[in-house]
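Here are the chains, one letter per residue:
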Amino acid sequence: MRNLHWAFLAAWALTMGALSNSAAQPASSAHTLTRPADIAFWPTLGSTMRTDGTPAAIPRQLRQVQMEPSAYRRLVETLRLSDGDTFAVLFYGVEHDTTHTPSLYFAQREQALAMEVIDRSHPDGRRFYVFQSGQTSASPRPPGNECAVCHAARGTFDGTFAHMYPTLAPLNLRDPS
Ligand code: HEC
């Protein structure tokens, strides 16, 4: 089962393109991001369960979406995103515990961290980052990356998936249609 998780993660990494983030921080690399030390204290907006893509749709990865606390407060108060507002998604493999009735899936160790920082001066309106497990700094993905393409095309609120998060859904955050 564990091998399966890593196989999926590898496939995900390939889909996302080569993950070339370096632990080194060259002086020329503007906007290099350090993994937030306090991320465990960021409020959780919601969670999604990714499946293995088979008709049986077996859960294979839990994704927990979090937001930097002051940005979350500002969003709730103003109903808008501002420069610097930061989202995080923690990726976990899942384990199936059949000793419970009904059985359940619970999160395993962290596989990766994806982050998104609002930046209106950027062509995509935001910067995207991927931290592999254990990685403490990451460089922004280049403009027009696949993260930005999907978020721009499918996001429902300012390039985000606010409608999927129970803490934000009641605010009815939607782009004007
Ligand atoms: C094919 C579509 C797609 C691609 C490509 C994609 N995402 Fe997302 N992203 C989503 C969806 C759907 C969600 C909703 C939460 C979830 O899936 O767990 C999301 C949520 C997020 C969030 C939480 C805030 C928000 O915008 O709702 C972050 C941060 C994020 N993604 C980062 C990334 C990064 C970094 C990449 C590229 C390495 C990426 N995403 C690529 C679809 C995509």
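Note that the structure is a prediction, hence the values are computed from the model and not measured. (Residues numbered from 1 in each chain as written. Predicted model: local features only at pLDDT ≥ 70, side-chain atom pairs only at ≥ 80, totals over all residues.)

Caption draft 1: Broad picture of the overall build of the chain. Scanning the chain from N- to C-terminus turns up three helices and seven strands. When the helices and strands of the chain are placed in sequence order, the string is α-β-β-β-α-β-β-β-β-α. Every one of the 177 residues in the chain was classed for burial, and the buried ones make up 24%. (Helix = DSSP H or I, 4+ residues; strand = E, 2+ residues; numbered from the N terminus. Buried ≥ 20, exposed ≤ 12 C-beta atoms within 10 Å, placed from the backbone.)

Caption draft 2: A look at the confidence of the model for the chain. Per-residue pLDDT for the chain averages 88, and the proportion of residues at 70 or more is 84%. The model gives residues 1-28 a pLDDT under 50, and that stretch makes 22 contacts with residues more than four places away or in other chains. (pLDDT = per-residue confidence, 0-100. Contact = placed C-beta atoms within 7 Å.)

Caption draft 3: Quick peek at the site of the ligand. Every one of the 21 residues lining the ligand counts as a neighbour, but T48, R63, C147, C150 and T160 are closest to it. Taken together, the elements giving at least two residues each to the shell around the ligand come down to strand 3 (59-67), strand 4 (86-97), strand 5 (104-118), strand 6 (126-132) and helix 3 (146-154). A total of five residues in the shell around the ligand trace back to one element, the largest contributor, which is helix 3. Residue composition of the shell around the ligand, grouped by class: 14 nonpolar, three polar and four charged. (Near = placed C-beta within 6 Å. Nonpolar A, V, L, I, M, F, W, Y, C, P; charged D, E, K, R; others polar.)

Caption draft 4: Examining the sheet that holds strand 3 more closely. Read across the sheet, five strands follow the order 2-3-4-5-6 without closing on themselves; strand pairing throughout is antiparallel. Each edge of the open sheet is held by one strand with a lone partner, namely strand 2 (44-51) and strand 6. Across the sheet, the axes of successive neighbouring strands diverge by a mean angle of 25°, strand direction being ignored. Pairing between strand 4 and strand 5: 11 bridges, direction antiparallel. In the strand pairing of strand 5, H96 is matched with Y105. (Pairing = 2+ DSSP bridges. Axes fitted to C-alpha atoms, helices over the stretch in contact; angles between N-to-C directions.)

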